[in-house]
Amino acid sequence: MIRCWRLDDARQSLVLGSRDDCLAEVVYWGARLPDNEDLETIYRANELDVTGGMLDANPELSVCPEASRSFPGQPGLVLRDGSGAPLLPRFRFSADTGSENALSLSFRDEANGLTYTASFAIDTATHIIEARAVLETDQPTHLHWLSSPVFPAPQLSDEMIDFSGRWCGEFQMNRTPWSPGIRSRENRTGRTGHEHFPGLLVPCRGATDTSGDVYGFHYAWSGGHGMAAEEMPDGRRQVQFGHASGTETAPDTRFETGSLYAVYSCDGINGCAVAFQRHLRDQIVTFPKPGRARPVHYNCWEAIYFNHNLPELKALADEAAELGAERFVLDDGWFVNRDDDTRALSDWYVDPRKFPDGLGPLIDHVHRRDMSFGIWFEPEMINPDSDTFRKHPDWALGDGDQILGRQQRVLNMALPEVRDFLFERIAEVLENHPIDYIKWDHNRVLPQPDAAQTRGTYQLIDRLREAYPLTEIESCASGGARIDFEILRRTHRVWLSDSNDAIERLAMQHNAAIFLPMAVTGSHVGPRVCHTSGRTIDIRFRAWVAAQRHMGFELDPRELTAAEASVLKDVTRWWKDNRDWMFNADILRLESADPAVIAEQQLARDGDRFVVFAGKQQSSQQIAPRPLRLTRLNRSAMYRIELRNRGDAPGLSRGDPLLKSAGMTVSGGYLMNHGLTLPWSFPETMWVIEGKLA
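So, a few notes on the structure that sits alongside this text. (Residues numbered from 1 in each chain as written. Predicted model: local features only at pLDDT ≥ 70, side-chain atom pairs only at ≥ 80, totals over all residues. Heavy atoms only, no water.)

## Some remarks on the overall build of the protein chain
In terms of helices and strands, the protein chain carries 13 helices and 35 strands. Radius of gyration (C-alpha) of the protein chain: 27 Å, near the 26 Å computed for a compact globule of 694 residues. A principal-axis box enclosing the C-alpha atoms of the protein chain has dimensions of 80 × 70 × 40 Å. For the protein chain, the residues scored as buried account for 61% of the 694 residues in total. Taking contacts inside the protein chain between residues at least 6 apart in sequence as the whole, the part at least 24 apart equals 69%. Of the roughly 25,300 Å² of accessible surface on the protein chain, 48% is carried by carbon and sulfur atoms. (Helix = DSSP H or I, 4+ residues; strand = E, 2+ residues; numbered from the N terminus. Rg over C-alpha atoms; globule rule 2.2 N^0.38 Å. Buried < 20%, exposed > 50% of the residue type's maximum accessible area, 1.4 Å probe, protein only. Contact = heavy atoms within 4.5 Å. Areas by Shrake-Rupley, 256 points an atom, 1.4 Å probe, with all protein chains shown as cover.)

## Observations concerning helix α10 (residues 539–546)
By the criterion of burial, α10 is predominantly enclosed, with seven of the eight residues buried. Taken together, the buried positions of α10 are occupied by I539, F541, R542, A543, W544, V545 and A546. Contacts from the buried residues of α10 go to α9 (502–512), β28 (521–525), β29 (550–553), α11 (562–583), β32 (609–616) and β35 (685–693). With a side-chain oxygen lying 2.8 Å from the backbone nitrogen of R540, the N-terminal cap of α10 falls on D538. (Polar contact = N/O pair within 3.5 Å; in protein donor to acceptor, adjacent residues only side chain to side chain.)

## Here we look at the environment of R237
Topologically, R237 is positioned in strand β17 (residues 237–243). Since its relative accessible area comes to 8%, R237 is described here as buried. With 82 residues separating them in the primary sequence, R237 and Q155 have C-alpha atoms 7.4 Å apart. The contact partners of R237, leaving out residues within four places of it in the chain, are L61, F151, P152, A153, P154, Q155, S157, W178, E230 and E231. There is a polar contact of 3.2 Å between the side chain of R237 and the backbone oxygen of Q155. A polar side-chain atom of R237 sits 2.9 Å from the main-chain carbonyl oxygen of S157.

## A word on the sheet that holds strand β2 (residues 12–19)
As summarised here, the arrangement of the three strands in space is β1-β2-β3, forming an open sheet in which the pairing is antiparallel. The open sheet is flanked by β1 (2–8) and β3 (25–31), the only strands paired with a single partner. With strand direction ignored, the average angle separating the axes of adjacent strands in the sheet is 15°. Both β2 and β3 contribute to a ladder of six bridges, which runs antiparallel. When the sheet's bridge partners are listed, L14 is paired in β3 with W29. (Pairing = 2+ DSSP bridges. Axes fitted to C-alpha atoms, helices over the stretch in contact; angles between N-to-C directions.)

## What to know about the side chain of D498
When you line up the elements, D498 lands in the loop between β27 (493–495) and α9. Although D498 lies buried, it forms no salt bridge, and the closest oppositely charged side chain, K439, sits 5.7 Å away as judged by the N-O distance. In terms of polar contacts, D498 uses its side chain to reach the side chain of W495, at 3.2 Å. Excluding residues that lie within four positions of it along the chain, D498 makes contacts with W167, C168, E170, E302, S478, G479 and T532. (Lys, Arg positive; Asp, Glu negative; His and termini not counted. Salt bridge = Lys/Arg side-chain N within 4 Å of Asp/Glu carboxyl O.)

## Examining the sheet that holds strand β13 (residues 181–186)
As summarised here, the arrangement of the four strands in space is β10-β17-β16-β13, forming an open sheet in which the pairing is antiparallel. Looking at which strands have only one partner, the edges of the open sheet turn out to be β10 (151–152) and β13. With two bridges joining them, β10 and β17 adopt antiparallel strand pairing. If you follow P152 over to β17, its bridge partner there is Q238.

## Quick notes on the environment of M227
Along the chain, the position of M227 falls in strand β16 (residues 225–231). Residue classification places M227 among the buried residues on the basis of a relative accessible area of 4%. Residues M227 and F287, 60 residues apart in the sequence, show an inter-C-alpha distance of 31 Å.

## Points about the packing of aromatic side chains
Within this structure, the stated rule accounts for 36 aromatic pairs. A ring pair is formed by F163 and F171, whose centres lie 6.4 Å apart and whose planes are at 65°; its orientation type is edge-to-face. Grouping residues by exposure puts F163 and F171 together as buried. When the centroid spacing of 4.4 Å and the interplanar angle of 50° are considered together, the rings of F335 and W348 count as tilted. Placement of F335 in the loop between β21 (327–330) and α5 (360–368) and of W348 in the loop between β21 and α5 is noted, with a sequence separation of 13 residues between them. (Phe/Tyr/Trp six-rings, centres within 6.5 Å; stacked < 30°, edge-to-face > 60°.)

## Focus: the pattern of salt bridges
A complete count under the given rule lists 61 salt bridges for this structure. Note that E136 and R254 form a salt bridge whose closest N and O atoms lie 3.9 Å from each other. Of the two residues, E136 sits in strand β9 (residues 129–146) while R254 sits in strand β18 (residues 252–256), which places them 118 residues apart along the sequence. The class of E136 is partly exposed, set by a relative accessible area of 35%. For E231, the salt bridge goes to R237, with nearest N and O atoms at 2.9 Å. Accessibility classification places E231 together with R237 in one group, the buried group. Where salt bridges share partners, they join R292, R294, R327, D436 and E472 into one cluster.

## Things to note about the side chain of H550
Positionally, H550 belongs in strand β29. Relative accessible area serves as the criterion here: at 0%, H550 is assigned to the buried category. One polar contact links the side chain of H550 to the main-chain carbonyl oxygen of P295, over a distance of 2.7 Å. Among the polar contacts listed, one links the side chain of H550 to the side chain of R493, at a separation of 2.9 Å. Setting aside anything within four residues of it in sequence, one finds H550 in contact with R294, P295, H297, R493, M518, A519, T521, G522, S523 and W575.

## Things to note about unusual backbone geometry
Non-glycine residue S346 carries a positive phi angle of around 95°. Residue S346 is classed as buried on the basis of its relative accessible area of 0%. Backbone geometry at E684 places phi at a positive 60°, although glycine is not the residue there. Within the fold, E684 resides in the loop between α13 (668–673) and β35.

## Brief notes about the packing of α10 against α11
The interhelical angle for the contact between α10 and α11, taken along N-to-C directions, is 20°, at an axis separation of 10 Å. What the angle tells us is that α10 and α11 run roughly parallel. Two packed elements cross with a definite hand, and for α10 against α11 that hand is right-handed. Between α10, through I539, R540, R542, A543 and W544, and α11, the contact on the second element is made entirely by E564, V567, L568, V571 and W574. Of the residues in the contact of α10 with α11, the class split is seven nonpolar, no polar and three charged. (Parallel < 35°, antiparallel > 145°, perpendicular 65-115°, else oblique. Left-handed = near helix turned anticlockwise from the far one by under 90°. Nonpolar A, V, L, I, M, F, W, Y, C, P; charged D, E, K, R; others polar.)

## Re the pairing of strand β26 (residues 472–475)
Here β26 shows no split at all, with E472 and E474 on one side and I473 and S475 on the other all buried. Note that the unit made of strand β25 (residues 437–440), helix α8 (residues 451–467) and β26 has a crossover that is right-handed. Inspection of the sheet shows β26 paired to β27 by two bridges, in the parallel sense. Among the inter-strand pairings, E474 is bridged to a residue of β27, identified as R493. (Right-handed = clockwise from strand over helix to strand, strands pointing away.)

Any functional reading would require information that these geometric values do not contain.
Right, here's the structure in full:
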């Protein structure tokens, strides 16, 4: 007997099938199939032949491949019973439930007392498929690995693209050729991690940023994940994502994966990017005040670090307001005895030495300058040199002789008393001060990965969100080490990187936009001499790179010359004038003929306007600029094009290309087929081109 199911949107179809009540498998995922497609035929057409040296039939590449079926690759489930003996499940169909856009399939192993459920839902507006797996057991069981529902990878793909990184170097793209065996990545840091962002792209042969078939995946979990992209001996390919193996440290009767978000694109990496951006912004993040424009931030960290004093903070607030800031964020150093990074974490009381009258005078001053007020916390961490640790050393996670990170240990968030303590301390600060923003930091990895730690953090944030629904939260973890769709279900902004180096940021923002929209991606104008790279970077480049995302400043504004302040005010005004439509814009990667140029096009949701940011990281190999082709425009429509910052053209730009001196009106077809010819420029500069329907 063959059972089949399908989910569709306007772009794609997902077809699953099961024979003889075995676990279902994805037998088709790709371009939309006709409504009258015979699914049983699709199932049977997907079957592979067998030959010498093979089993008499091919084991299913099911949503949870079973070792008991002689599956030749990595199984989707590895577990032991209460005594520690391995279990080899043999699931059989139990039930299916669903609606037009959702499907849930349950399978039962009576002999071992196990129930496995795979759930799928397709968002017809964003084209994102959400898949989850749940395992329920009759008796407490030890889980080592549970994959979210397994997807096949396409055969006509030569490589996969995943993402690595480091502190101040997040979202680096890696291209790995497909070959027999496993591309296995496991993040055991206990947080999403700089090192292994849980994303994967599988482009089919010939796919580019703007064209071709690409399959995209993101695993939404903040506690460390595992990924396996495997080509098996028979040539079939599978993609598995789940919590990092062995992180369910206690036996239990119910286990659940995070959501695996998957999408098929027929127009290159951009098709995946637009789907992920829209789904995150429109379906996952819940902004406290949805109609409020994203405010320009000022964060005082790189201006004063721990040296908090009221007169200087007021002076910084005055300068920031003059530049155009709308939110003032008081970073690390405001709580008792916090004079450096070696002490006082978890002692969340306002320091009377620095603020003898509390935070009220500073907040009042900030409000008088028409800025809202935000504050820094690092709730999950504790310094051994703190009153809280001396009182509750048992609250710290891991052994006492562990290696410290930034002089700190991690609180055990699985303990209800720890969560209660943190809620009370944070709530006391929020109750007594008009604070509308928390920068929530996480500056070290866990001593050992533990899924209960992540669930405890989720519970604390959920409780705070319920109690303070108008307070916005930013997820920061030494920069971008906790960025994923599940933390963003609870937060509203991410700090992409501790690097404010505009050259480094340009590339990081470009790659991160495959998953993240402008609305949630913080980007700040850093100091003239970058504190993390030592580079000296012109204010124009720094300002325009920050203006690509949710803009802010993180410098000492008193260092600015009058000319630099004028530039920053100008770019900030431009960002404010455009932020409302850019909030909902699609960020599209442009394929630059010059590898020195990283370019993107932010296209309004209705397509009537766009802005192109063309950043030049280094000197070009050729002497004259090459045309830059745009994308996703109306081929027959006419667009008015203006070079917003033509005044930045250097003296060595001696010619007179049209955009350098005037605007022009051209067709979408011209812009996509030939492209824009821009003036010559130095490295570490940005051209900003605005386009509107004529």
